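Architecture and fold: a report
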Amino acid sequence: MQSRSDKAGILIARLSVTLYCALALLAWQNDSSHLWGVWHLAFVPSPVSWLLTAVSLFFVWTPLAGTRWQKLLTSIEHATGRIRYAIGILLVTAAATVFALVPFDNLLLGDSFRLVNADDLMTLSSPAEYLTLHTYQFLRTMLGSNMIAYRVIAVLTGLAFAWVAIMFSRVIFERLAERIVSIVVILGLANVQFFLGYIENYAIMTVLLSLFLLTGWSSANSRKRLWLPAIALLAASAFHLSAAFLIPGLVFLFWKSYPPRRKLVCRLMAIGAVAASASAAILFHSTSGVSDIFAPLQSAEGNPYSILSLQHITDIGNLILLTSPAAAVLLISALAAPKWRALYRDRGIQFLFFGLIGSLTMLIAVDPKLGAARDWDLMSLFGIPATFLALALWRDESKARIRTRVIGMTAVAVLFAHTVPWVISNIDRKLTIDSFKSVVQKDVHYTPEYFDGDRLMAWGLMLGDAYGDH
């Protein structure tokens, strides 16, 4: 029998998913580029959009989302107990096929247009992603094509990301049904686009960052092998400097994991790591202008975009809706548990929380120079620790009776209402041109007031070269 808190958790999850679907329908039907974080149904044929929305809401509000489907998953769990490794190999093969065959042709996102057309990728090099560009340039020299080089890395990193999702589900949950739905939640992140032929420099960093969260969770609870998350975060930061925003999580691990006699040394090391990071930021600022990525606190001459500007605030909301809708639903519904505050004494959850704080700092502090809709990839870091933390909060036994149901309905609903249309929207460059033009026209980054219209000029040149739109 369900308790009052169980019913509250289910109801909150249902209402949250329904609200997300309502926002997606509102953005689609009103052609509202202000809600570009949930605007993906506009890129899909109308019958398909209605079908995806209907499937999501049907699964959330019908008995199929209740005990029947949980019994089905339990039956599958019992039936596949002896062949789960074969099923795992089959799923990995299917994932590799999807990663390899799903096309990507939306060059309006990020620096895709420049990267795919560069004769020498190192001419685009920046301190933030120097090692990543070296890797792609090496493959490009071997394979003869930037597009093929990015596709190869996408498939390999996609498989690695799927493995991390599987391993994290195993350390969080014991039952196969719970693991399956949690894997769907992780693979439903907007970041999965990185592994579907996306032409940008975040795929390797995303996998290493996810590995940092996985190994950090294990180290936080066992207080052993702290070198594993340290190496993972160092490697992630080497491939893209944005991963360094999760340093608070690593500092927490060293701060809490050593016995009292060694705490002083450990804390000094943690303070040293923060000081070294600050010194590196100052050095980059003086030599290469990397710190220019940060938004000013208030609008200034030549830059109307600031942390306190209305557009920045709406951009943050859209980025959360784009990168982590499932995490938002699960975090909100988890708070219905009567003893949820006790969860924060868990070292693993504390570690993920500090990682989330670091990524949230980036979301707030960074100025997406291309506009948040186009520069979503740089800002998508937030979704990974948010999703891992949301799943970890459902590990508590007080939620065991409804865990599979809530995570399952959220996973399926977000998959159909969010991830599928998001991926479809990036298949064909012509499919998105008019809509992206609408978003850009309302973005302050593409006005004469933003650094004398420098970004507006680059946008016009790209439209002319890539799309013949003059």
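For the structure itself, look to the data block above.
Residues numbered from 1 in each chain as written. Predicted model: local features only at pLDDT ≥ 70, side-chain atom pairs only at ≥ 80, totals over all residues. Heavy atoms only, no water.

1. A word on the overall build of the chain
Regarding its fold elements, the chain presents 20 helices and zero strands. Among the 470 residues that make up the chain, the fraction classed as buried is 52%. Carbon and sulfur atoms form 67% of the exposed surface of the chain, whose accessible area is close to 21,100 Å². (Helix = DSSP H or I, 4+ residues; strand = E, 2+ residues; numbered from the N terminus. Buried < 20%, exposed > 50% of the residue type's maximum accessible area, 1.4 Å probe, protein only. Areas by Shrake-Rupley, 256 points an atom, 1.4 Å probe, with all protein chains shown as cover.)

2. Describing empty space enclosed by the protein
In total, this model carries seven cavities of 30 Å³ or more according to the counting rule given. Taken as a whole, the largest cavity encloses approximately 120 Å³ of empty space. Considering the residues around the largest cavity, the lining is formed by 14 residues, among which Trp36, His40, Phe43, Trp422 and Phe436 are closest to the centre. Of all the elements, helix α19 (residues 429-441) adds the most residues to the lining of the largest cavity, at three residues. Taken together, the residues that form the lining of the largest cavity break down as 10 nonpolar, four polar and no charged. (1 Å grid on protein atoms, 1.4 Å probe; cavity = no way out; pocket = protein on both sides within 12 Å on 5 of 7 lines; lining within 4 Å. Points joined across faces, edges and corners; volume = space filled by probe spheres on them. Nonpolar A, V, L, I, M, F, W, Y, C, P; charged D, E, K, R; others polar.)

3. Considering the environment of Asn303
Assignment of secondary structure puts Asn303 in the loop between α12 (260-287) and α13 (310-323). Each C-alpha atom of the pair Asn303 and Tyr450 lies 4.9 Å from the other, and the pair is 147 residues apart in sequence. Once you skip the residues sitting within four places of it in the chain, Asn303 turns out to touch Pro296, Asp367, Glu449, Tyr450 and Phe451. (Contact = heavy atoms within 4.5 Å.)

4. Comments concerning the packing of aromatic side chains
Each aromatic ring pair is described using two quantities: the centre-to-centre distance and the angle formed by the ring planes. Summed over the entire model, instances satisfying the criterion amount to 14 aromatic pairs. Taken together, a centroid distance of 5.2 Å and an interplanar angle of 20 degrees make the contact between Phe194 and Trp376 stacked. Taken together, the residues span a long stretch of sequence, with Phe194 in the loop between α8 (176-187) and α9 (203-222) and Trp376 in helix α16 (residues 376-379) at a distance of 182 residues. Comparing Phe194 with Trp376, the two get one shared label, buried. On the numbers, 6.1 Å between centres and 80 degrees between planes, the contact of Phe353 with Phe354 is edge-to-face. Joined through ring pairs, the aromatic side chains of Phe194, Tyr198, Tyr202, Trp376 and Trp422 make up one cluster. (Phe/Tyr/Trp six-rings, centres within 6.5 Å; stacked < 30°, edge-to-face > 60°.)

5. Observations regarding helix α2 (residues 46-61)
Relative to the 22 Å expected for 16 residues at 1.5 Å per residue, α2 spans 23 Å between its end C-alpha atoms, a close match to the ideal helical length. Among the residues of α2, those classed as buried are Ser49, Leu52, Thr53, Ser56, Phe59 and Val60. Here the buried residues of α2 occupy an arc of 135 degrees about the axis, which is enough to place them on one side. Those residues of α2 that are exposed and angled more than 90 degrees off the buried face are Pro47 and Leu51. (Expected span 1.5 Å × (residues − 1). Arc of directions from axis to C-beta.)

6. So, the packing of helix α11 (residues 247-257) against helix α15 (residues 347-365)
Put simply, α11 and α15 touch, their axes get as near as 7 Å, and they point 145 degrees apart. Considering the relative orientation of α11 and α15, their crossing is right-handed. Within the contact between the two elements, α11 uses Pro248, Gly249, Leu250, Phe252, Leu253 and Lys256 and α15 uses Arg347, Gln350, Phe351, Phe354, Gly355 and Gly358. (Axes fitted to C-alpha atoms, helices over the stretch in contact; angles between N-to-C directions. Left-handed = near helix turned anticlockwise from the far one by under 90°.)

7. With respect to α13
Between its terminal C-alpha atoms α13 stretches 20 Å, which fits the 20 Å expected from 14 residues at 1.5 Å a residue. Here α13 has its buried residues at Gln311, His312, Asp315, Ile316, Asn318, Leu319, Leu322 and Thr323. For α13, the elements touching its buried residues are α14 (325-334), α15, α16, α17 (383-393) and α18 (403-424).

8. Regarding a nonpolar patch on the surface
On the surface, Phe138, Met142, Leu143 and Ile148 cluster together into a nonpolar patch covering about 410 Å² of accessible area. For the nonpolar patch, the element with the most residues is helix α6 (residues 130-143), which contributes three residues. Structurally, Ile148 can be placed in helix α7 (residues 146-172). The class for Ile148 is partly exposed, based on a relative accessible area of 42%. (Patch = residues over 30% accessible without salt bridge, like charges linked within 9 Å, V, L, I, M, F, W, Y side chains within 5 Å. Salt bridge = Lys/Arg side-chain N within 4 Å of Asp/Glu carboxyl O.)

9. Some thoughts on the side chain of Thr53
For Thr53, the location among the structural elements is in helix α2. Ignoring anything within four residues of it in the chain, the contact list for Thr53 reads Cys21, Leu25 and Leu41.

10. Notes on the side chain of Ser219
With respect to the helices and strands, the residue Ser219 is situated in helix α9. With a relative accessible area of 2%, Ser219 lands in the buried category. Setting aside residues no more than four positions away along its own chain, Ser219 makes contact with Lys224, Arg225, Leu226, Pro229 and Ser257.

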